[in-house]
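Topology and contacts: notes
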Amino acid sequence: MPEGHTLHRLAKLHTERFAGGVVRVSSPQGRFAEGAALVDGRVLVGAEAWGKHLLHRYDSGLIVHVHLGLYGAFTESPAPLGDPVGQVRMRMIGSGRADAAVYGTDLRGPTACEVLREPEVEALTARLGPDPLRRDADPDRAWQRISRSGRSIGALLMDQSVVAGVGNVYRAELLFRHGISPQRTGKSLSRTEWDALWTDLVELMRIGVRRGKMHVVRPEHDHGAPSYATDRPRTYVYRRVGEPCRVCGSTVLHTVLEGRNLFWCPACQPS
């Protein structure tokens, strides 16, 4: 599932390419036909992200809410677009500017693609924790939940109502970078540890937005074993079960925590 930096990067891209002009919106697949008709031909004011949620705001006051889920993806192309390929839930085509190319984008396979009004968006974001990539993020909100919780910090970081936008890769790599066992309870963390985690998370996710991909391994460790898959980031522990730790050589371990795969180094992250 795409993590928060991907949605912020999409919001920035869609604002640059579509905002300020009339956007043609359709649903070749048909499942978003009614919603598309509500915003088709309107001016896109801008796009923003909150955690793993993307919001397209139109001049009518309507907002298109997209959650990519496990399989959703946007395909960006210069216009004119060809015939839709596959199950295109939503197609957007911008009007462009005199000094720029006209772009279109096709959305396939999202968990959610719906039209909301402002009160519904407010209700949605009220359920989410602070997003490290938003300027209005308040890490103290997350700390209040974490510091009172008997759940593991590994589970809490993946809870979108605690911190919005963190997925499995950032969870595993962030905890490794700070030598914190994912099995430790939230209430066992000190405020100093949490502040360091938050500061590092903000920086790592900003790098993800700038580069378009995650970069989580420190320069002094960025060598040796290759990435876990082609075109994927080099990681410390994520999807490296059974391999030697890049720092100490211990075997990277794996378990399932609240339905999600968890990776850690038992020596660098003692319980």
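Residues numbered from 1 in each chain as written. Predicted model: local features only at pLDDT ≥ 70, side-chain atom pairs only at ≥ 80, totals over all residues. Heavy atoms only, no water.

Some details on the UniProt feature "domain: Formamidopyrimidine-DNA glycosylase catalytic" (unreviewed entry) in the chain
Taken from the UniProt record, the annotation "domain: Formamidopyrimidine-DNA glycosylase catalytic" (unreviewed entry) applies to residues 2-94. Between the C-alpha atoms that bound residues 2-94 there is a distance of 24 Å. The span itself is 24% helix and 41% strand. (UniProt positions renumbered as here; feature names shortened; annotations may be inferred. Helix = DSSP H or I, 4+ residues; strand = E, 2+ residues; numbered from the N terminus.)

Digging into the domain arrangement of the chain
For the chain, the domain assignment lists domain 1 (4-127) and domain 2 (139-264). The centre of domain 1, based on its C-alpha atoms, is set 30 Å off from the matching centre of domain 2. Listed per partner, the contact involves eight residues of domain 1 and 15 residues of domain 2. For the pairing of domain 1 and domain 2, the buried interface totals around 850 Å² over both sides, and the portion due to carbon and sulfur atoms is 59%. (Domains from an automatic or database assignment. Contact = heavy atoms within 4.5 Å. Buried area = accessible area lost by both parts, 1.4 Å probe.)

Quick notes on the nonpolar core
Among the nonpolar cores identified, the biggest contains 36 residues, and Ile146, Ile153, Val163, Tyr170, Trp194 and Val237 are the most heavily contacted of them. Looking at which element gives the most residues to this core, the answer is helix 7 (residues 191-211), with eight residues. Beyond its immediate stretch of four places on either side in the chain, Ile153 contacts Ile146, Leu175, Ile180, Ser181, Pro182, Arg184, Thr185, Gly186 and Leu189. (Core = buried A, V, L, I, M, F, W, Y, C linked by side-chain atoms within 4.5 Å. Buried < 20%, exposed > 50% of the residue type's maximum accessible area, 1.4 Å probe, protein only.)

As for the layout of surface pockets
The gaps of empty space that remain are located by a probe, the size of a water molecule, rolled over the atoms. Here the largest pocket defines a volume of roughly 640 Å³. Met1, Pro2, Met214, Tyr228 and Arg232 are the residues nearest the centre of the largest pocket, which is lined by 25 residues in total. When residues of the lining of the largest pocket are traced back to their parent elements, those giving at least two are helix 1 (4-18), helix 6 (168-177) and strand 10 (260-264). Broken down by element, the lining of the largest pocket gets its largest block of residues, four residues, from helix 1. Looking at the lining of the largest pocket, its residues break down into eleven nonpolar, six polar and eight charged. For the lining of the largest pocket, the domains that each give at least three residues are domain 1 (4-127) and domain 2 (139-264). What the second largest pocket holds in volume is close to 230 Å³. (1 Å grid on protein atoms, 1.4 Å probe; cavity = no way out; pocket = protein on both sides within 12 Å on 5 of 7 lines; lining within 4 Å. Points joined across faces, edges and corners; volume = space filled by probe spheres on them. Nonpolar A, V, L, I, M, F, W, Y, C, P; charged D, E, K, R; others polar.)

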